[in-house]
Amino acid sequence: MADQTKAISYSSYLQLEKLLSSQSPITKGSAAPAHDEMLFIIVHQVYELWFKEILTELDSVRSLFMAEYISESEIGKAVARLERVTKIQNILLEQLAVLETMTPLDFLDFRDQLNPSSGFQSVQFRLIENKLGLKPEKRLAFTKHAYHSVLSDEEKEIVRRSEDEASLFELVDQWLARTPFLQFEGFDFWESYNSAVQKMLERELTIIKDNPMVTDEVRQKEIENHQQTRASFEAVLSEERHAELVREGQLSLSLKALQGSLMIFLYRDEPIFHLPFRLLTALIDIDELMTSWRNRHALMVQRMIGRKIGTGGSSGYHYLGEAAEAHKVFADLVNLASFLIPKSELPELPEEFRRHLGFLYTKETEE
Ligand code: HEM
């Protein structure tokens with residue numbers, strides 16, 4: 001007979017004894033206990049728990065992408081897990097409002113006693129950034145020391161190791177670069193795309209030149225802007241220009257990956273590209289939600305401490321706002337919108353090409 005005293009229970013499974021005895025406000029038992037300190041601790045702990053779940057999902061998706069061949073069903077799994085991450089991120093955003101029920105004056109009851117600890121020391125947050133693909137050289141330097149200098153030796157080692165691992169960005173880049181069918185038996189997608197782009201640009205230029213509603217001065221300005229738009233397409237059409245932009249730090253994706261993702265974006269209605277399109281969309285969402293959290297956290301920090309420096313030694317609000325812009329990882333995917341052309345102008349995929357990809361599977365089996 002099973003030993004009933006050892007049977008699993010709600011609290012033993014969830015280790016609630018440990019979990020619920022892990023809140024120790026420093027002002028508790030002092031002459032002036034700060035009521036809001038419990039809220040402060042619990043909100044941070046809940047964040048760390050969600051960070052753990054996000055890392056579990058990111059690690060699993062990274063291992064899926066480490067395989068040489070990634071099947072459709074594996075892509076489906078990756079999409080489901082990344083979409084789960086975005087749902088968690090939405091909760092992380094909402095959660096700041098709970099902390100904001102604490103007023104700046106109430107925060108002052110215990111803020112000084114937190115020195116020099118800071119969210120800057122969250123190892124899991126750094127792991128999320130590194131595993132997504134934020135490179136050390138792209139990080140904002142707010143002191144002369146590396147971002148992990150504020151961590152213990154053991155923590156530093158964990159964070160440093162994550163810098164060397166293949167990030168989600170790198171793995172997705174390699175996978176995108178392998179996107180097949182950019183050239184297929186006489187059909188060269190890039191040649192067709194290039195001529196569709198040139199046609200679209202010529203049409204736009206004619207509209208600008210023939211517009212009777214604007215002055216010559218405005219027209220000249222519009223022509224100059226149009227020339228810049230034309231030049232911006234070189235990022236995906238010219239190997240040299242792409243390499244130059246990578247050297248300048250304006251682009252991170254390889255040319256092949258950029259072209260592969262553009263094809264997925266342009267032909268996302270074709271069944272074979274449905275899942276890849278959802279995958280890229282989830283990555284854009286994750287990046288955008290990271291930026292939203294950073295901005296939202298920066299606003300909360302300003303509201304709580306104004307222009308004071310942070311307990312971690314940064315300029316506080318100012319540093320956090322700048323990091324929101326600088327620490328984007330999948331900006332190249334977001335900026336792909338610059339290279340989209342209207343559906344009506346997309347090069348038609350040849351029948352044989354579509355048949356090869358399996359687009360015509362249903363029709364063929366019916367025949
Ligand atoms: C009263 C509430 C809070 C204040 C005043 C505050 C303040 C700050 C400040 C000033 C920094 C910049 C580093 C420094 O100099 O310390 C920072 C960084 C950070 N905080 Fe908070 N924070 C608060 C709540 C939170 C919460 C709830 C989290 C959730 C985990 C969090 C996570 C972080 C993280 C991850 C960083 C590093 C961000 C980066 O380097 O990009 N903070 N915080």
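Remember, predicted model here, so these are calculated numbers, not experimental data. (Residues numbered from 1 in each chain as written. Predicted model: local features only at pLDDT ≥ 70, side-chain atom pairs only at ≥ 80, totals over all residues. Heavy atoms only, no water.)

## Some points on the overall build of the protein chain
Thinking step 1. What the protein chain contains, in helices and strands, is 18 helices and 2 strands.
Thinking step 2. By its C-alpha atoms, the protein chain is 80 × 75 × 35 Å across when sized along the principal axes.
Thinking step 3. Looking at the protein chain as a whole, 41% of its 367 residues qualify as buried.
Thinking step 4. For the protein chain, contacts bridging at least 24 residues in sequence account for 74% of all contacts bridging at least 6.
Thinking step 5. Carbon together with sulfur atoms contributes 54% to the accessible area of the protein chain, which is approximately 21300 Å² in total. (Helix = DSSP H or I, 4+ residues; strand = E, 2+ residues; numbered from the N terminus. Buried < 20%, exposed > 50% of the residue type's maximum accessible area, 1.4 Å probe, protein only. Contact = heavy atoms within 4.5 Å. Areas by Shrake-Rupley, 256 points an atom, 1.4 Å probe, with all protein chains shown as cover.)

## Points about the packing of helix 13 (residues 255–266) against helix 14 (residues 271–305)
Thinking step 1. In contact at an axis separation of 9 Å, helix 13 and helix 14 are set at 110° when each is read in the N-to-C sense. Put simply, helix 13 runs roughly perpendicular to helix 14. For the crossing formed where helix 13 meets helix 14, the hand is left-handed. Side by side, helix 13 and helix 14 meet where Ser261, Met263, Ile264 and Phe265 of the first sit next to Phe273, Pro276, Phe277, Leu280 and Ile284 of the second. (Axes fitted to C-alpha atoms, helices over the stretch in contact; angles between N-to-C directions. Parallel < 35°, antiparallel > 145°, perpendicular 65-115°, else oblique. Left-handed = near helix turned anticlockwise from the far one by under 90°.)

## Remarks on the coordination of the iron atom of the ligand
Reference values for coordination geometry: four tetrahedral donors around a metal ideally subtend 109.5 degrees, six octahedral donors ideally subtend 90 or 180 degrees.
Thinking step 1. In this structure the iron atom of the ligand is ligated by exactly one protein donor, His297 (NE2), at 2.2 Å.
Thinking step 2. On the secondary structure map, His297 appears in helix 14. (Donors = N, O, S within 2.8 Å, 3.2 Å for Na, K, Ca; no water.)

## Focus on the site of the ligand
Thinking step 1. Every one of the 26 residues lining the ligand counts as a neighbour, but Ser118, His297, Gly312, Ser314 and Tyr319 are closest to it.
Thinking step 2. Measuring from a nitrogen atom of the ligand, one finds a side-chain N or O atom of His297 at 2.9 Å.
Thinking step 3. At a separation of 2.7 Å, an oxygen atom of the ligand approaches a polar side-chain atom of Ser314.
Thinking step 4. Mapped by element, the contributors of at least two residues to the shell around the ligand are helix 3 (37–66), helix 6 (123–132), helix 14 and helix 15 (317–326). (Near = heavy atom within 4 Å. Polar contact = N/O pair within 3.5 Å; in protein donor to acceptor, adjacent residues only side chain to side chain.)

## Digging into the confidence of the model for the protein chain
Thinking step 1. Mean pLDDT over the protein chain: 91, with 94% of residues reaching 70 or higher.
Thinking step 2. Residue range residues 360–367 is modelled with pLDDT below 50. Its contacts to residues more than four positions away, or to other chains, number 5 contacts. (pLDDT = per-residue confidence, 0-100.)

## Thoughts on the packing of aromatic side chains
Thinking step 1. For the structure shown, the criterion picks out 16 aromatic pairs.
Thinking step 2. Aromatic ring contacts, followed pair by pair, group Tyr47, Phe51, Phe125 and Trp293 into a single cluster.
Thinking step 3. If you follow Arg126 out to its NZ or CZ, it ends over the ring of Phe120, 4.6 Å from the centre.
Thinking step 4. Lying across the ring of Tyr147, Arg139 places its NZ or CZ 3.8 Å from the centre. (Phe/Tyr/Trp six-rings, centres within 6.5 Å; stacked < 30°, edge-to-face > 60°. Lys NZ or Arg CZ within 6 Å of the ring centre and 35° of its normal.)

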